[in-house]
Amino acid sequence: MTSVHNDAIISAAANHLSPHRHGDRLFGDVAAALITVSGDWFYGVCIDTGSGTGFCAEASAIGAMVTATQYRIKQIVAVWRDDTDGRLSVLPPCGRCREFLRQIDDSNIDTEVVLGRATSATLRDLLPYHEWPLPLDENDGWSAQSELSRSSWTSSAGQFLVAAGQDHSAEAGVVGVQAPGTHEPVQDHPVAVPDPDQGGPGILG
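Residues numbered from 1 in each chain as written. Predicted model: local features only at pLDDT ≥ 70, side-chain atom pairs only at ≥ 80, totals over all residues. Heavy atoms only, no water.

Asks: Just to check I follow, could you spell out the overall build of the protein for this structure?
Replies: Scanning the protein for helices and strands turns up 4 helices and 13 strands. Burial analysis of the protein (205 residues in total) assigns 35% to the buried set. Sequence separation of at least 24 residues holds for 50% of the intrachain contacts in the protein that already meet a minimum separation of 6. Accessible area for the protein stands at about 11700 Å²; split by element, carbon and sulfur atoms hold 51% of it. (Helix = DSSP H or I, 4+ residues; strand = E, 2+ residues; numbered from the N terminus. Buried < 20%, exposed > 50% of the residue type's maximum accessible area, 1.4 Å probe, protein only. Contact = heavy atoms within 4.5 Å. Areas by Shrake-Rupley, 256 points an atom, 1.4 Å probe, with all protein chains shown as cover.)

Written out as structure tokens, the structure reads:
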């Protein structure tokens, strides 16, 4: 099937926003829509519960899809509306959802992830270095599988880029960490990342 225009899938996801507060928890403030390769639509919302038991809207939509015995995704988007001004935002999937998408079916590495009205990327673009690496004595592990000059890692805690060959030993960067249930960046949590020049962890934050 051909891709649906970004505006159409964004609007469909927005129609499923249904914020509900229970105590200090908020459910349904993020909604996701996905379209399978066969053209069927599935939807889901986020659920923020304690002790790590909640899940993202994308996972909810994927669960509905798998319940219908479908596994291959053509397009997916997640949206959030700011209740202070009513403005709608498209949210890129967190690292956990990116890996979840990939593991549902190998072909989902080419799923189109909608990032805005005129912006999309494949899951492959958002999840580099997803293949199992070669042993280090075979072309230094990853280098045989990619010619990217910049290495990017994605985690459920946030995203960061490390420039190949750049000296980070005397620098501190900022990592955007997603606050649970808010989808807003938090920058007061140090995050240990590998220092490519020193062979040990560096601290960002």
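Asks: Explanation requested: the pattern of salt bridges in the structure shown.
Replies: Pairs can form between side chains of opposite charge whenever their charged atoms are close. Counted under the stated rule, the structure contains 5 salt bridges. The shortest N-O distance in the salt bridge between Asp 48 and Arg 25 comes to 3.2 Å. You can see Asp 48 sitting in the loop between strand S3 (41–47) and helix H2 (57–67) and its partner Arg 25 sitting in strand S2 (residues 25–36), a full 23 residues away along the chain. Residue classification places Arg 25 among the partly exposed positions, given a relative accessible area of 28%. Its salt-bridge partner being Glu 99, residue Arg 102 comes within 2.6 Å of it at the nearest N-O pair. With a gap of 3 residues between them, Arg 102 and Glu 99 both fall in helix H3 (residues 95–104), about one helical turn apart. Within the structure, one salt-bridge network assembled from shared partners comprises Asp 24, Arg 25 and Asp 48. (Salt bridge = Lys/Arg side-chain N within 4 Å of Asp/Glu carboxyl O.)

Asks: What is the right way to read the pairing of S2 from this model?
Replies: Within a regular strand, the side chains alternate between the two sheet faces. Within S2, 11 of the 12 residues are buried, leaving the element largely enclosed by the surrounding structure. Bridge count for strand S1 (residues 20–22) against S2 is 3 bridges, and the pairing is antiparallel. Paired with His 22 across the bridge in S2 is Arg 25. Taking the residues that link successive antiparallel strands as the turn, the S1-S2 hairpin has 2 residues, and the phi of Gly 23 there is positive, at about 65°. The sheet contact formed by S2 and S3 spans 6 bridges and is antiparallel. Note that in S3 the partner of Ala 32 across the bridge is Gly 44. (Pairing = 2+ DSSP bridges.)

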